[in-house]
Amino acid sequence: MVIGIIGGSGLYDLEELRERQCLTCDTDWGAPSAPLVCGKLNGREVVFLARHGESHQIPPHRVNYRANIFGMKKLGVSWIISISAVGSLKEEIPPGDMVLIDQFIDRTKGVRATTFFEGGIVAHVAFADPVCETLRGFLLESAREAGANTHDRGTYVCMEGPAFSTRAESHLYRSWGASVIGMTNPT
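Residues numbered from 1 in each chain as written. Predicted model: local features only at pLDDT ≥ 70, side-chain atom pairs only at ≥ 80, totals over all residues. Heavy atoms only, no water.

Let us now look at the pattern of salt bridges. A full pass over the atoms with the stated rule returns 5 salt bridges. A salt bridge links Asp102 to Arg153; the shortest N-O distance between them is 3.2 Å. Of the two residues, Asp102 is situated in the loop between β7 (98–100) and β8 (103–107) and Arg153 in the loop between β9 (150–152) and β10 (155–159); the sequence distance between them amounts to 51 residues. For Arg153, the salt bridge is made with Glu133, and the minimal N-O distance between the two is 3.0 Å. Of this pair, Arg153 sits in the loop between β9 and β10 while Glu133 sits in helix α2 (residues 133–145), and the two are 20 residues apart along the sequence. Exposure remark for Glu133: the relative accessible area of 41% places this residue in the partly exposed category. (Salt bridge = Lys/Arg side-chain N within 4 Å of Asp/Glu carboxyl O. Helix = DSSP H or I, 4+ residues; strand = E, 2+ residues; numbered from the N terminus. Buried < 20%, exposed > 50% of the residue type's maximum accessible area, 1.4 Å probe, protein only.)

The structure is reproduced here in structure tokens:
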């Protein structure tokens, strides 16, 4: 099984990745944000992608999310771990803690392309539980073994970006029970 890792702000490379091979690919939606770096991490096949480009040159609202996901699929990725820098909406989640998200609130206003179903393809995708529980369980166990301050479950509010939310919006999202806020997930 090949595991995909998408790095967000601050994570542009996996130095621990061995037997590296940088690949470029094209998809029906264009090119991914950066070369796909294939290799081995602790003996496992991994494909790494810098979501914002190798030099953080792509803002959240310009990331080609479909090309990123489909590029990984073309390389045989079965599971994707998406890392995102976020702001906390809860006092009990201080900076540096890890939250294993299980729900999303998408506030991107429909500006970003979020579907592969176009051009005469009609499909409906169940999204009530948008995160793979099996993978989430593995991540939770690994994070705890590594001693990371980890919060099991949380709701991610995705803002359009590049602007952060207003104070009033943040209070609203807190009242909804949201845990963290960012600009790059779930799209």
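Here we take up unusual backbone geometry. The omega torsion across Gly161 and Pro162 is 5°, close enough to zero to call that bond cis. By the secondary structure assignment, Pro162 is in the loop between β10 and α3 (167–175). At Glu19, a residue that is not glycine, the phi angle is positive and equals roughly 55°. Here Glu19 lies in strand β2 (residues 18–23). On the accessibility criterion, Glu19 (64% relative accessible area) is exposed. Even without being a glycine, Arg153 presents a positive backbone phi close to 90°.

On to the side chain of Ser179. Structurally, Ser179 can be placed in the loop between α3 and β11 (180–182). Among residues more than four places away in sequence, those in contact with Ser179 are Gly87, Ser88, Leu89, Lys90, Ile93, Gly154 and Thr155. (Contact = heavy atoms within 4.5 Å.)

For the rest of this paragraph, the subject is the nonpolar core. Ile5, Leu14, Leu17, Val47, Phe48 and Met72 are the most contacted members of the largest nonpolar core, which totals 19 residues. Secondary structure elements with two or more residues in this core: β1 (2–7), β3 (36–41), β4 (44–50) and β5 (77–82). Element by element, the count of residues in this core is highest for β4, at 5 residues. Met72 has contacts with Gly4, Ile5, Ile6, Leu36, Val47, Phe48, Leu49, Val77 and Ile80, leaving out every residue within four places of it along the chain. Core analysis: the second largest hydrophobic core is formed by 7 residues, Val157, Tyr173, Ala178 and Met183 among them. (Core = buried A, V, L, I, M, F, W, Y, C linked by side-chain atoms within 4.5 Å.)

Residue classification places Ser179 among the buried positions, given a relative accessible area of 4%. Counting along the chain gives 105 residues from Ser179 to Lys74, while the straight-line C-alpha distance between them is 33 Å.

A few words on helix α1 (residues 65–74). Those residues of α1 that sit buried are Tyr65, Arg66, Ala67, Asn68, Gly71 and Met72. Considering only its buried residues, α1 is in contact with β1, β3, β4 and β5. Of the residues trailing α1, Gly76 is marked for its positive phi of about 85°.

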